[in-house]
Amino acid sequence: MSEPTGLVDEASESGDADGDERQPEPDAGSGVLRVFGRQLKRFRVRAGLERPEFGSLTGYSVSTIAAYEQGRRVAPPRFIDRADEVLDAGGVLQEMKEEVARAQYPAFFRDAARLEGEALELHVYAMYAVPGLLQTEEYARAVFSIRRPLLDEDRIEQGLSARLARQEIYARKPAPLMSFVLEESVLQRPLGGKEVLRGQLEQVLLIGHKRNVEIQVMPVSREDHGALGGPFTLIDTPEGRRIAYAEVQGDSRLYSGQSKVRELEARYGILRAQALTPSESLAYVEKLLGET
């Protein structure tokens, strides 16, 4: 998907759906990867290097180099920087680094990923699985591996790399404020097996102790529930706007209209009031960890 031309703004506060949400554009990511791959191969051939020799100079296997050149896998930034240097590409490959990075995400998530990476605040409600920003590598791999229809290995590796790259947000300075409300069932579902779940619970505890992060658990025993309509994320941008993102079955919406955003804000506020407090939630995760 191309760089977004801007979310639909508050021109339709009447609540008309067509003016209050933005649907994803057609996927251009695979085309970007093919173009990058052709350029990479052109510079390699010009330099008189076979794939094995080029792979040894960059630290990547022959099969991985082939996958990059054929546009089947997303080249990480460190490879692109090294390849540009080794092949004396004069910055041509590096200039494509941002577009290649965006191509690692599914088309429906590409705009949301960009906004997430720039956000001043993020507020996430999860009801099916541990959200990507909290996932361990093993848990994320399990999530991709059990997806139906089944994904091939390249797609799994690409998705895994992209998901873990999003977690660089924790190293940002200044750190964004982040909160998560997780359904209790999410923390009990052993995706990938009990050992994977144990590692995931440990990660939730680790991240939950960060000063800029609050994690809350929504107990299944609650008789009232403020958000049965599905998971969503609230994103505060550097421009002072709040945008909402919702996704279901691979279909997604980015909302910027005040009516929809305020509705989801209200739901999130109710959820936080109904959920366990952050300290109670971490104590609950510790209890689960002891039982796993």
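Structure report, in brief. (Residues numbered from 1 in each chain as written. Predicted model: local features only at pLDDT ≥ 70, side-chain atom pairs only at ≥ 80, totals over all residues. Heavy atoms only, no water.)

1. A short note on the overall build of the protein chain
The number of helices and strands found in the protein chain is 14 helices and six strands. Looking at the protein chain as a whole, 48% of its 292 residues qualify as buried. Of all intrachain contacts in the protein chain linking residues separated by at least 6 positions in sequence, the fraction that spans at least 24 positions is 72%. (Helix = DSSP H or I, 4+ residues; strand = E, 2+ residues; numbered from the N terminus. Buried < 20%, exposed > 50% of the residue type's maximum accessible area, 1.4 Å probe, protein only. Contact = heavy atoms within 4.5 Å.)

2. A short note on the packing of helix H3 (residues 51-58) against helix H4 (residues 62-69)
Viewed as axis vectors pointing N to C, H3 and H4 meet at an angle of 100 degrees, and their least axial separation amounts to 9 Å. Between H3 and H4, the crossing angle belongs to the class labelled roughly perpendicular. For the pair H3 and H4, contact is made by Arg51, Pro52, Phe54, Gly55 and Thr58 and by Val62, Ile65, Ala66 and Glu69, respectively. Looking at the contact of H3 with H4 residue by residue, the classes come out as five nonpolar, two polar and two charged. (Axes fitted to C-alpha atoms, helices over the stretch in contact; angles between N-to-C directions. Parallel < 35°, antiparallel > 145°, perpendicular 65-115°, else oblique. Nonpolar A, V, L, I, M, F, W, Y, C, P; charged D, E, K, R; others polar.)

3. Thoughts on the environment of histidine 209
For histidine 209, the position within the fold is in the loop between helix H12 (194-208) and strand E3 (213-218). Overall, histidine 209 belongs to the exposed group, its relative accessible area being 55%. For the pair histidine 209 and leucine 282, spaced 73 residues apart in sequence, the C-alpha separation works out to 8.4 Å. Of the polar contacts made by the side chain of histidine 209, one reaches the backbone oxygen of leucine 205; its length is 2.8 Å. (Polar contact = N/O pair within 3.5 Å; in protein donor to acceptor, adjacent residues only side chain to side chain.)

4. So, unusual backbone geometry
In this structure, the amide linkage connecting arginine 148 to the following residue, proline 149, adopts the cis form with an omega of -5 degrees. Tracing the backbone shows proline 149 in the loop between helix H9 (137-145) and helix H10 (153-166). Lysine 173 connects to proline 174 through a cis peptide bond whose omega is -5 degrees. Inspection of the secondary structure puts proline 174 in the loop between H10 and strand E2 (177-183). Non-glycine residue aspartate 88 carries a positive phi angle of around 50 degrees. Relative to the helices and strands, aspartate 88 is located in the loop between helix H5 (77-86) and helix H6 (92-95). In this structure aspartate 88 comes out as exposed when scored by relative accessible area, which is 59%.

5. A closer look at H4
With respect to burial, H4 is a largely interior element, six of its eight residues being buried. For H4, every residue scored as buried is listed here: Thr64, Ile65, Ala66, Ala67, Tyr68 and Glu69. Glycine 71 occupies a position one or two residues after H4 and carries a positive phi of about 70 degrees.

6. Comments concerning the pattern of salt bridges
Tallied over the entire structure, the rule returns 17 salt bridges. The partner of glutamate 137 in a salt bridge is arginine 141, and the shortest N-O contact between them spans 3.8 Å. Note that glutamate 137 and arginine 141 are positioned in helix H9 at a spacing of four residues, about one turn of the helix. Two residues, arginine 141 and glutamate 157, come together in a salt bridge whose shortest N-O distance is 2.6 Å. Here arginine 141 is found in helix H9, whereas its partner glutamate 157 is found in helix H10, with 16 residues between them in sequence. (Salt bridge = Lys/Arg side-chain N within 4 Å of Asp/Glu carboxyl O.)

7. Some details on the sheet that holds strand E1 (residues 121-126)
On the basis of which strands lie adjacent, the open sheet formed by six strands has the order E3-E2-E1-E4-E5-E6 and mixed pairing. Two strands close off the open sheet at either side, each with one partner strand: E3 and strand E6 (251-255). Ignoring strand direction, the axes of neighbouring strands in this sheet form an average angle of 10 degrees. In terms of strand pairing, E2 meets E3 through six bridges, oriented parallel. In the sheet register, serine 179 faces E3, and the bridge partner there is glutamate 214. (Pairing = 2+ DSSP bridges.)

8. As for the packing of aromatic side chains
Counting across every chain of the model gives six aromatic pairs. Relative to phenylalanine 79, the ring of phenylalanine 54 lies with its centre 6.1 Å away and its plane at 70 degrees, an arrangement referred to as edge-to-face. Of this pair, phenylalanine 54 sits in helix H3 while phenylalanine 79 sits in helix H5, and the two are 25 residues apart along the sequence. Each member of the pair phenylalanine 54 and phenylalanine 79 is classed as buried. In this structure an aromatic cluster arises from ring pairing among Phe54, Tyr60, Tyr68 and Phe79. Positioned above the aromatic ring of tyrosine 255 is the side chain of lysine 260, whose terminal nitrogen or guanidinium carbon lies 5.3 Å from the ring centre. (Phe/Tyr/Trp six-rings, centres within 6.5 Å; stacked < 30°, edge-to-face > 60°. Lys NZ or Arg CZ within 6 Å of the ring centre and 35° of its normal.)

9. With respect to the packing of H3 against H5
Contact geometry of H3 with H5 gives a least axis separation of 10 Å together with a crossing angle of 115 degrees. The two elements H3 and H5 cross, and the hand of that crossing is right-handed. Packed against H3, whose contacting residues are Phe54, Leu57 and Thr58, the element H5 presents Phe79, Arg82, Ala83 and Val86 at the interface. Class assignment of the residues belonging to the contact of H3 with H5 gives a composition of five nonpolar, one polar and one charged. (Left-handed = near helix turned anticlockwise from the far one by under 90°.)

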